[in-house]
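A structural walkthrough
One-letter residues, chain by chain:
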Amino acid sequence: MNLLKDFGRRLFERVEGGFDLAFPAEWNPFRQLGALGWFFYWIVAASGIYLYIFFDTGLTRAYESIEWIMNNQWYVGQVMRSLHRYASDALVVVVVLHLLREFSLDRMRGTRWFAWFTGIPLLWFLYACGISGYWLVWDVLAQYIAIATTEWLDTLPIFGEPTAANFVNSAALSGRFFSLMVFIHIAVPLIMLFLMWVHIQRYARPRMNPPRGLAAGTLAALVVLSLVFPAVSQAPANLDTVPAVIGFDWFYLAIYPLLDVVPGGQLWLGLAIGTVILAVLPWAPPLQKLATAEVDLDNCNGCGRCAEDCPFEAIIMGPRTDGAAYDTEAVVNASNCVSCGICAGACPTSTPHRRATDLMPGIQLPGYPIAELRDRTRATGQALSGDDRVMVFGCEQSRDLAKLSAPGVGVVVLPCVGMLPPSFIDWVLARDLADGVLVSGCARGDCYQRLGGNWTRQRVARQRDPYLRARVPDERVGLCWTPSGDRAGRQATLDALRSGLATAPQLKRRAERTRPAEATGG
Amino acid sequence: MASWKYLLQSVLYAAFIALIGYFSVAPAYRHAHPELAVIKLAFSHAAERLEPCRKLTPEELAQLAPNMRRPMECERERLPLLVELEIDGELVFRAEEPPTGLWQDGAATIYQKFQVQPGSHELVARLRDGRDTVGFDYEQAASVELAAGQNFVIGFRAAAGGFKFQ
């Protein structure tokens with residue numbers, strides 16, 4: 001399993017690296033697959049609503065009504081019909097890639113099981129939507145789908161009479177079955193929408209919209225395709241003939257040719273087994289994670305920053321239970337916690353400057369307490385030598401991060417860079433443990449812990465609480481956002497930071513800021 | 001953003017829509033041989049009951065509540081259908097199809113497809129739905145002329161006299 005994941009991870013990294021050449025990191029479509037899925041869903045929904053206005057749901061008029069849309073309002077109808085099909089196909093592409101990528105990057109175990117598990121039935125609904133949609137056109141492809149699907153369904157012991165009997169010839173054809181398909185094609189997408197909503201329930205700030213530039217580019221591409229190569233119907237269905245050679249939508253119908261070589265019952269069994277295997281992957285094997293975050297009420301003032309920053313909604317602010325003079329306290333839902341430590345990074349009490357004997361913040365990971373982070377940082381810094389010493393705080397998802405180590409470079413690994421309180425950067429420079437600090441996390445838009453990179457960027461830019469202190473010169477702080485395997489990118493950022501340290505301004509001490517005249521007059 | 005990046009993006013978008021556009025209709029799938037015709041044997045029919053209905057005796061009727069009295073007592077379970085199809089003198093299908101339903105009291109269903117060359121064919125369909133163990137209750141023959149790609153259906157309706165070739 002790990003070999004498979006590793007292979008997939010390296011493959012995605014390579015492909016995404018290629019896309020990074022063309023797209024800004026946050027626009028990289030591979031880092032926006034879920035959001036693109038939502039985007040395509042809305043395109044399909046909007047174009048579908050438009051088509052339904054003109055679509056005649058009667059069996060004998062359906063084909064004609066679609067032809068009318070195509071021929072009499074090409075400027076809108078043709079584009080809408082084509083967008084409806086192509087966005088549906090694109091949805092399959094991004095959903096499959098999304099599934100493969102989340103598997104390869106091991107983003108389905110632990111707390112993330114919920115999103116993975118609820119995503120599996122979505123696959124079935126997605127295919128039900130697409131297949132029922134093709135049925136409604138009632139052309140030769142629809143005829144094939146109607147017959148093949150009902151014959152396949154009849155291999156299940158659930159129908160008293162064979163449903164395929166409805167399509168044996170023109171005389172047997174009934175509009176009632178067709179009406180059922182219209183109903184299914186409307187109801188299933190609505191159920192799917194509900195499931196999509198459930199799918200993202202355990203994520204704070206789920207990404208449901210791709211960046212505007214990527215959305216605009218994707219939509220424009222689909223419109224161009226719709227104009228240049230509009231989706232058209234095939235010959236009208238005729239049940240008195242056999243559909244022999246059919247233009248095929250392989251995104252939705254790839255499984256159908258198997259029905260000509262594998263008994264339908266066996267295919268159902270195979271799909272059922274495949275679905276179960278997919279569904280249990282999050283527990284194969286279960287994720288061994290650090291102990292979940294714990295709150296220390298003596299140091300929690302109920303400020304709510306941890307709850308605000310938690311990417312998995314694992315922290316809520318509950319009523320105070322210890323009688324302290326604060327309204328609320330942080331409460332950790334252990335089943336949602338991924339032990340990323342972002343809450344500790346957000347806590348204003350996680351400061352290494354504290355003189356208390358025990359550095360105990362309001363919230364932290366028991367398996368990697370902030371006091372231990374301070375001890376590691378101090379030990380790492382004291383071992384550095386040279387004039388351009390750099391302390392690297394890096395995400396454990398970055399492969400070969402330790403290889404950045406050198407006599408003048410020390411590496412401290414974190415579960416997520418979001419765990420790093422900005423005060424540590426100030427502290428490292430103030431204590432002269434290093435001349436510069438490099439924070440190295442996942443690629444933009446692809447943080448393994450979802451929001452750690454975002455929050456760190458904002459904290460260091462002094463846009464988000466807790467802020468990096470103003471006295472820290474920007475020239476001494478480097479930020480590096482690279483894919484896990486991009487060791488060269490990290491090394492280049494590190495080298496660039498080190499080369500600028502000799503001329504970078506010094507940290508402003510309190511005395512310098514309050515008595516500039518004295519200091520300069522020295 | 002550098003202009004060459006926009007160019008590269010355009011190339012990737014073009015590749016994406018080419019992928020979507022092509023595989024949404026191609027390559028065509030050959031589901032059946034276009035030069036062949038298909039004969040479908042497809043129908044549902046309820047065979048006779050496994051045990052014949054029996055008239056209740058006056059004593060049995062008297063034991064029933066007045067509103068529950070009925071002249072005949074019938075078991076639910078039905079016999080299987082025995083169906084045969086010959087094409088040009090060759091027996092291509094013979095099956096004993098059980099009745100559907102949890103109580104085996106529903107109609108038995110037949111749904112079979114046979115690919116044949118276009119042209120003239122002699123068809124003979126037979127069905128047994130009674131308790132006789134020899135012979136058939138229905139037998140019907142037809143000479144048909146089939147075109148390439150034609151879908152020819154052999155149905156069955158007892159009320160209409162038996163097999164229906166269409």
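These numbers come from a predicted model, not from an experiment.

1. A closer look at helix α14 (residues 423-430) of chain A
Residues and elements named next belong to chain A. Across the eight residues of α14, eight count as buried, placing the element largely inside the fold. Looking at α14, one finds that the buried residues are Ser423, Phe424, Ile425, Asp426, Trp427, Val428, Leu429 and Ala430. Buried positions along α14 lie against α13 (370-382), β6 (390-395), β8 (436-441), α15 (452-460) and β9 (477-481). Positive phi appears at Asp432, one or two residues downstream of α14, with a value of about 55°.

2. Observations regarding the packing of aromatic side chains
Evaluation of the coordinates by the stated rule reveals 36 aromatic pairs over all chains. Their ring planes at 40° and their centres at 5.1 Å tell us that Phe248 of chain A and Tyr29 of chain B sit as a pair that is tilted. Linking Phe248 of chain A in the loop between β1 (245-246) and α9 (250-253) with Tyr29 of chain B in strand β1 (residues 29-30), this pair reaches from one chain into another. For the pair Phe248 of chain A and Tyr29 of chain B, one class covers both residues: buried. Within the aromatic cluster, the residues linked to one another by ring pairs are Trp124, Tyr144, Trp152, Phe248, Trp250, Tyr256 and Trp268 of chain A together with Tyr29 of chain B. Over the ring of Trp481 of chain A we find Arg457 of chain A, and its NZ or CZ is 4.6 Å from the ring centre. Lying across the ring of Phe136 of chain B, Arg128 of chain B places its NZ or CZ 5.6 Å from the centre.

3. Thoughts on the side chain of Ser226 of chain A
Residue and element names in this part refer to chain A. For Ser226, the location among the structural elements is in helix α8 (residues 212-228). For Ser226, a relative accessible area of 0% gives the class buried. A distance of 2.7 Å separates a polar atom in the side chain of Ser226 from the backbone oxygen of Leu222.

4. A few points about the state of the cysteines
Residues and elements named next belong to chain A. All told, the structure shown has one disulfide over all chains when counted by the stated rule. Cys303 forms no disulfide, and the closest cysteine sulfur to it belongs to Cys306, at a distance of 6.1 Å. What makes Cys303 partly exposed here is its relative accessible area of 39%.

5. Considering the sheet that holds strand β9 (residues 138-146) of chain B
Residue and element names in this part refer to chain B. Taken together, four strands build an open sheet; the order of strands is β6-β5-β8-β9 and the sheet is antiparallel. In this open sheet, the two edge strands, each paired with only one partner strand, are β6 (90-97) and β9. Here the strands of the sheet are splayed against their neighbours by 15° on average, with no regard to which way each runs.

6. A look at the confidence of the model for chain A
In this model, chain A carries a mean pLDDT of 91, and residues with pLDDT of at least 70 account for 97%. Predicted confidence is poor over residues 513-522 of chain A, with pLDDT under 50, and the contacts of this stretch with residues over four places away or in other chains come to five contacts.

7. Digging into the interface of chain B and chain A
Contact with chain B, which involves 37 residues of that partner, is made by 50 residues of chain A. Taking both sides of the interface into account, the surface hidden between chain B and chain A amounts to around 3,500 Å²; carbon and sulfur atoms contribute 67%. Taken together, the links from chain B to chain A amount to one salt bridge. Measuring nitrogen to oxygen at the nearest pair gives 3.0 Å for the salt bridge that ties Lys113 of chain B to Glu151 of chain A. Taken together, the elements giving at least two residues each to the side of chain B that touches chain A come down to α1 (3-23), β1, β2 (37-45), β7 (108-116) and β10 (151-157) of chain B. Across the side of chain B that touches chain A, the residue classes tally to 21 nonpolar, twelve polar and four charged. The pairing of β1 of chain A with β1 of chain B spans two bridges and is classified as antiparallel. Bridged to Val245 of chain A within β1 of chain B is Arg30 of chain B.

The rules behind the values
Residues numbered from 1 in each chain as written. Chains lettered and ligands numbered in written order. Predicted model: local features only at pLDDT ≥ 70, side-chain atom pairs only at ≥ 80, totals over all residues. Heavy atoms only, no water. Buried < 20%, exposed > 50% of the residue type's maximum accessible area, 1.4 Å probe, protein only. Helix = DSSP H or I, 4+ residues; strand = E, 2+ residues; numbered from the N terminus. Contact = heavy atoms within 4.5 Å. Phe/Tyr/Trp six-rings, centres within 6.5 Å; stacked < 30°, edge-to-face > 60°. Lys NZ or Arg CZ within 6 Å of the ring centre and 35° of its normal. Polar contact = N/O pair within 3.5 Å; in protein donor to acceptor, adjacent residues only side chain to side chain. Disulfide = S-S within 2.5 Å. Pairing = 2+ DSSP bridges. Axes fitted to C-alpha atoms, helices over the stretch in contact; angles between N-to-C directions. pLDDT = per-residue confidence, 0-100. Buried area = accessible area lost by both parts, 1.4 Å probe. Salt bridge = Lys/Arg side-chain N within 4 Å of Asp/Glu carboxyl O. Nonpolar A, V, L, I, M, F, W, Y, C, P; charged D, E, K, R; others polar.

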